[in-house]
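Breakdown of the fold
Single-letter residue listing:
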Amino acid sequence: MVRIVRCLDDNRSEFLARLVVCVFGILFVLICSYSTSPLFAAYYRGDSAQFLTIGKAWALGKIPYKELFDHKGPIIYFIDMLGFKIAGTKSGVCVFQILFMLITVNALYNIGKLSSENPLYSVFTTGIALIFLKLNYSEGNSVEEYCLPFITVSSYYQLRFFYQRSDTHPPLAALWYGMTLGVCALTRTTNAVIVCSGILIITIILLSRKRYVNLRNNMCSFLIGCLLISVPFIIYFYEKGCLSEFVYSTFTYNVEYLKKMQPWIKGADFMDIAKFLIVYFVYFCVGAAALFALWRKAYVLFSFYVLSFAIESYLFFSGASFVQYPAVCLPQLVFLLNEICLLENKKVADRLMKLIVMQMIVVICIGMIQINRAVEKCQDTNKSYEKLIAEIPITERNSFVAYGGNQFKELYLYFDLIPYYKYFVIQEWHAGFSETVRNDIYETFMKGDVKWILTDGNTSVIDDVLRQRYEQYDTVGHYSLFRLR
């Protein structure tokens, strides 16, 4: 009887702990995803606005890559499209974000349980992870956010295998790894670094133990997982007659992009480095976790952590240092917390935990400032180019495109417009990484028949087009509205 009562108490504690982390996840999305949360209905900014525009246009019948260009994979546009389908507004996307976040927080919780059966510890680690995620969450609705559930679940399976030191690896876990790689490949392939590192270590272990049949089964499961995610999109874009455009935008363009992207570290000043150290905290965690794993002679874990840290270091120092990039490293914070929890010297462990809590307080302060700024941006509805938009006849607003920088990303959502051309924003930026895209932008505007073009003055690619085919209708500051002759 005592054993039954104790089991019931344990189950109730586990249920309450899970409920708490689920509430954490829901509140996080509602409070921090400014671009989609119903609490920030008037927020239209950032990269998310660009993704939402493509998702909305897809929901209304336009085809990504064929009629709307961007160099992300289709997963994020697909989710945004579904959000508009179910709700008719960008807030519908928030439903899917919450579902994805519930998977993420429960996987983080499971990773915490690998080092301690105390539910409070797992709740504590999950809460800390969410707080640090705020540093990399931007305005929400990023490709990293939709990779995280797959990455965290895969990380749990891999860590469990390393902790248990089993002779065989479950093929069902490999199926999830394949799905993870599929999702990352259809968002940003480099997001799968931590999972691929684990796959390599597991493969070496199975080979060293001559578990060839188990390795074969895992390879088959992995391949099936990849195909489950990728094949539906391949079939869809093939049937829509734009498979080549999909492949180019998702993969080929990004290779060109990486070749021309200069490492941020070249010319970085003190403030750039300080910002990197703060914003990329979760990336550094796996390096620290490796040291503690080595200290306690957990050599397999040490190899996994070091390999992940080495590859991530190359990626994060060889390109741009955008704040959202390290979000996919979130499980690594829990890896570090687990290593601290497993330290035999509890005084050292307590000091390290206190240090992380102090950093957490700093992050909370930064997060509060960011939330306050988001509220201010919701209240600031003044757009200097609004007068020019108002001058376009209502009947002709379906023949409109903006040509300019980041400030135009919000334009289509804010004014409820659908882009007329495939290249609808940051065209000069896109053109700067690919001669193919540059020429296609020029041809699109030279041979197209859009009636109205709004520019921000940076129009070097289409200057000839504007001079030959358009007249300047009106200007406000550095913004100009052009009408087809």
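The structure this text deals with has already been given above.
Rules behind the numbers
- Residues numbered from 1 in each chain as written.
- Predicted model: local features only at pLDDT ≥ 70, side-chain atom pairs only at ≥ 80, totals over all residues.
- Heavy atoms only, no water.
- Axes fitted to C-alpha atoms, helices over the stretch in contact; angles between N-to-C directions.
- Helix = DSSP H or I, 4+ residues; strand = E, 2+ residues; numbered from the N terminus.
- Parallel < 35°, antiparallel > 145°, perpendicular 65-115°, else oblique.
- Contact = heavy atoms within 4.5 Å.
- Nonpolar A, V, L, I, M, F, W, Y, C, P; charged D, E, K, R; others polar.
- Pairing = 2+ DSSP bridges.
- Salt bridge = Lys/Arg side-chain N within 4 Å of Asp/Glu carboxyl O.
- Buried < 20%, exposed > 50% of the residue type's maximum accessible area, 1.4 Å probe, protein only.
- Patch = residues over 30% accessible without salt bridge, like charges linked within 9 Å, V, L, I, M, F, W, Y side chains within 5 Å.
- Areas by Shrake-Rupley, 256 points an atom, 1.4 Å probe, with all protein chains shown as cover.
- Phe/Tyr/Trp six-rings, centres within 6.5 Å; stacked < 30°, edge-to-face > 60°.
- Core = buried A, V, L, I, M, F, W, Y, C linked by side-chain atoms within 4.5 Å.

Attention now goes to the packing of helix α11 (residues 270-279) against helix α12 (residues 281-295). α12 packs onto α11 with a crossing angle of 70° between their chain directions and a minimal axis gap of 5 Å. Regarding the angle of α11 to α12, the classification is roughly perpendicular. For the pair α11 and α12, the contacting residues are F276, L277, I278 and V279 in the first and F281, Y283 and F284 in the second. The class makeup of the residues in the contact of α11 with α12 is 7 nonpolar, no polar and no charged.

Looking at chain direction, strand β2 (residues 452-455) and strand β4 (residues 479-484) are connected through 4 bridges and run antiparallel. Across the sheet, I453 pairs through a bridge with F482, a residue of β4. Inspection of the sheet shows strand β3 (residues 470-476) paired to β4 by 6 bridges, in the antiparallel sense. Note that in β4 the partner of T475 across the bridge is S480.

Another point: the pattern of salt bridges. For the structure shown, the criterion picks out 15 salt bridges. For D47, the salt bridge is made with K409, and the minimal N-O distance between the two is 2.4 Å. Taken together, the residues span a long stretch of sequence, with D47 in helix α2 (residues 46-59) and K409 in the loop between β1 (400-403) and α17 (411-414) at a distance of 362 residues. On the accessibility criterion, K409 (5% relative accessible area) is buried. Ionic pairing is found between D440 and K422, a salt bridge with its closest N-O pair at 3.9 Å. Residue D440 is found in helix α19 (residues 435-447), and its partner K422 is found in the loop between α17 and α18 (427-431); the two are separated by 18 residues along the sequence. A single salt-bridge network, built from bridges that share partners, covers E14, R18 and K113.

With that settled, consider a nonpolar patch on the surface. Nonpolar side chains collect at one region of the surface, where F15, L16, L19, V23, L27, I31 and L39 lie side by side and expose about 650 Å² of accessible area between them. As for its position among the elements, L39 is in the loop between α1 (2-32) and α2. Assessed through its relative accessible area of 58%, L39 is described here as exposed.

Counted by the stated rule, this structure contains 54 aromatic pairs. A ring pair is formed by Y283 and F309, whose centres lie 5.1 Å apart and whose planes are at 15°; its orientation type is stacked. On the criterion of sequence distance, the pair formed by Y283 in helix α12 and F309 in helix α13 (residues 299-317) is long-range, its members being 26 residues apart. Judged by relative accessible area, Y283 falls into the buried class, the value being 1%. Exposure remark for F309: the relative accessible area of 26% places this residue in the partly exposed category.

We now examine the nonpolar core. With 149 residues, the main nonpolar core has F132, Y305, F400, L411 and L454 as its most contacted residues. Contact partners of L454, with chain neighbours within four places excluded, come to Y385, L388, I389, F400, V401, A402, Y403, F408, L411, Y479, S480 and L481.

A positive phi angle is found at K297, which is not glycine, with a value near 60°. Tracing the sequence through the fold places K297 in the loop between α12 and α13. Even without being a glycine, I426 presents a positive backbone phi close to 40°. Looking at the secondary structure, you find I426 in the loop between α17 and α18.

Turning to the environment of A268, a few remarks are in order. With respect to the helices, strands and loops of the structure, A268 is situated in the loop between α10 (243-260) and α11. Judged by its relative accessible area of 22%, A268 falls in the partly exposed class. Between the alpha carbons of A268 and Y325 there is a distance of 18 Å; along the sequence they are 57 residues apart.

So, about the sheet that holds β1. With respect to topology, 4 strands assemble into an open sheet ordered β1-β2-β4-β3, the strand pairing being mixed. The sheet is open, and its two borders are formed by β1 and β3, each paired with just one other strand. The mean angle between the axes of side-by-side strands here comes to 20°, regardless of whether they run parallel or antiparallel.

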